[in-house]
Amino acid sequence: MIKRLGIVVLILFLPLFSMGDASAITGTMGNARMVLYPEVNGWTNTEIEKSLLIKNVNNESINITLQVDAETGEFIELIDKSFILEPETERKAQFTVKVKEEGTYKGKINVLFSSLGEQKTGVGLSSEIIVVARRDQGSRDGAEDAGGASGTSEEDTGEVTGN
């Protein structure tokens, strides 16, 4: 009876002991959603410089890669496309929003977190960027230059974490 119980316990717990370390990269970033309200004049680009806060909460250095799809790339230019973050550090990844015409523009910046050396499972997170461009109240049918990024912005500073 005791011998049988020992065999049953061994069969049940042996898979747990034989499992190797399962580890994955964890990704964390701020600014999961950003809504911008620039004023545009219709004939020159209004440019807004913004950033995403990327954090490495891992015990190892990781590769960070930022990507946009073709549609998002029409109004968002990534300045920091890839970089390495040391353990327990953070960095603001810069990008520029460029809009000329009135309208609502929607896109996503995808942030990929991957290991430098070992083949660990990486993670990807997205930040949604919404631009609601309005006609500059000071311009008369494009007769005056809007001159830079006027308007307001609203940012969701909630953190997004994935692993």
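The structure we're discussing is the one just above.
A quick note: this is a predicted structure, and the numbers were derived from the prediction, not measured.

Draft legend 1. Inspection of the overall build of the chain at higher detail. A count of helical and extended segments in the chain gives 1 helix and 11 strands. Partitioning the intrachain contacts of the chain with sequence separation of at least 6 by distance along the chain shows that 76% fall at a separation of at least 24.

Draft legend 2. Local environment of the pairing of strand E4 (residues 62-67). Burial along E4 is one-sided: Ile 62, Ile 64 and Leu 66 are buried, and none of Asn 63, Thr 65 and Gln 67, which face the opposite way, are. Sheet topology note: the E4/strand E8 (residues 103-115) ladder contains 6 bridges and is antiparallel. The residue bridging Ile 64 from the neighbouring strand is Phe 113, located in E8.

Draft legend 3. Local environment of the pairing of strand E6 (residues 82-85). Judged by which residues are buried, E6 turns out to be one-sided: Phe 83 and Leu 85 face inward and are buried, whereas Ser 82 and Ile 84, on the alternate face, are not. Here E4 pairs with E6 via 4 bridges, running antiparallel. Within E6, the position partnered with Asn 63 by the bridge is Ile 84.

Draft legend 4. Focus on the packing of aromatic side chains. According to the stated counting rule, one finds 1 aromatic pair in the structure shown. Each ring, one from Phe 75 and one from Tyr 105, has its centre 5.5 Å from the other, and the planes form 45 degrees; the classification is tilted. Placement of the pair is Phe 75 in the loop between E4 and strand E5 (76-78) and Tyr 105 in strand E8, with a sequence separation of 30 residues. Tyr 105 gets classed as partly exposed once you look at its relative accessible area, which sits at 21%. Across the ring face of Phe 83, the terminal group of Arg 91 is positioned such that the distance to the ring centre comes to 4.1 Å.

Draft legend 5. Broad picture of the environment of Glu 86. Assignment of secondary structure puts Glu 86 in the loop between E6 and strand E7 (89-99). Residues within four places of Glu 86 in sequence aside, it is in contact with Asn 56 and Ser 61. In terms of polar contacts, Glu 86 uses its side chain to reach the side chain of Ser 61, at 2.7 Å.

Draft legend 6. The arrangement of unusual backbone geometry in detail. For Asn 31, which is not a glycine, the phi torsion comes out positive at approximately 55 degrees. Tracing the sequence through the fold places Asn 31 in the loop between strand E1 (27-29) and strand E2 (33-40). Even without being glycine, Glu 88 reaches a positive phi, approximately 55 degrees. Relative to the helices and strands, Glu 88 resides in the loop between E6 and E7.

Draft legend 7. Summary view of the pattern of salt bridges. For the coordinates displayed, the defined rule picks out 4 salt bridges. Across the salt bridge formed by Glu 77 and Lys 98, the nearest N and O atoms sit 2.9 Å from each other. With a gap of 21 residues between them, Glu 77 in strand E5 and Lys 98 in strand E7 connect regions that are remote in the sequence. Judged by its relative accessible area of 28%, Lys 98 is partly exposed. For Arg 135, the salt bridge is made with Glu 102, and the minimal N-O distance between the two is 3.8 Å. Of the two residues, Arg 135 sits in strand E9 (residues 123-135) while Glu 102 sits in the loop between E7 and E8, which places them 33 residues apart along the sequence. For Arg 135, a relative accessible area of 30% corresponds to the partly exposed category. Accessibility expressed as a relative area gives 49% for Glu 102, which makes it partly exposed.

Thresholds applied
Residues numbered from 1 in each chain as written. Predicted model: local features only at pLDDT ≥ 70, side-chain atom pairs only at ≥ 80, totals over all residues. Heavy atoms only, no water. Helix = DSSP H or I, 4+ residues; strand = E, 2+ residues; numbered from the N terminus. Contact = heavy atoms within 4.5 Å. Buried < 20%, exposed > 50% of the residue type's maximum accessible area, 1.4 Å probe, protein only. Pairing = 2+ DSSP bridges. Phe/Tyr/Trp six-rings, centres within 6.5 Å; stacked < 30°, edge-to-face > 60°. Lys NZ or Arg CZ within 6 Å of the ring centre and 35° of its normal. Polar contact = N/O pair within 3.5 Å; in protein donor to acceptor, adjacent residues only side chain to side chain. Salt bridge = Lys/Arg side-chain N within 4 Å of Asp/Glu carboxyl O.

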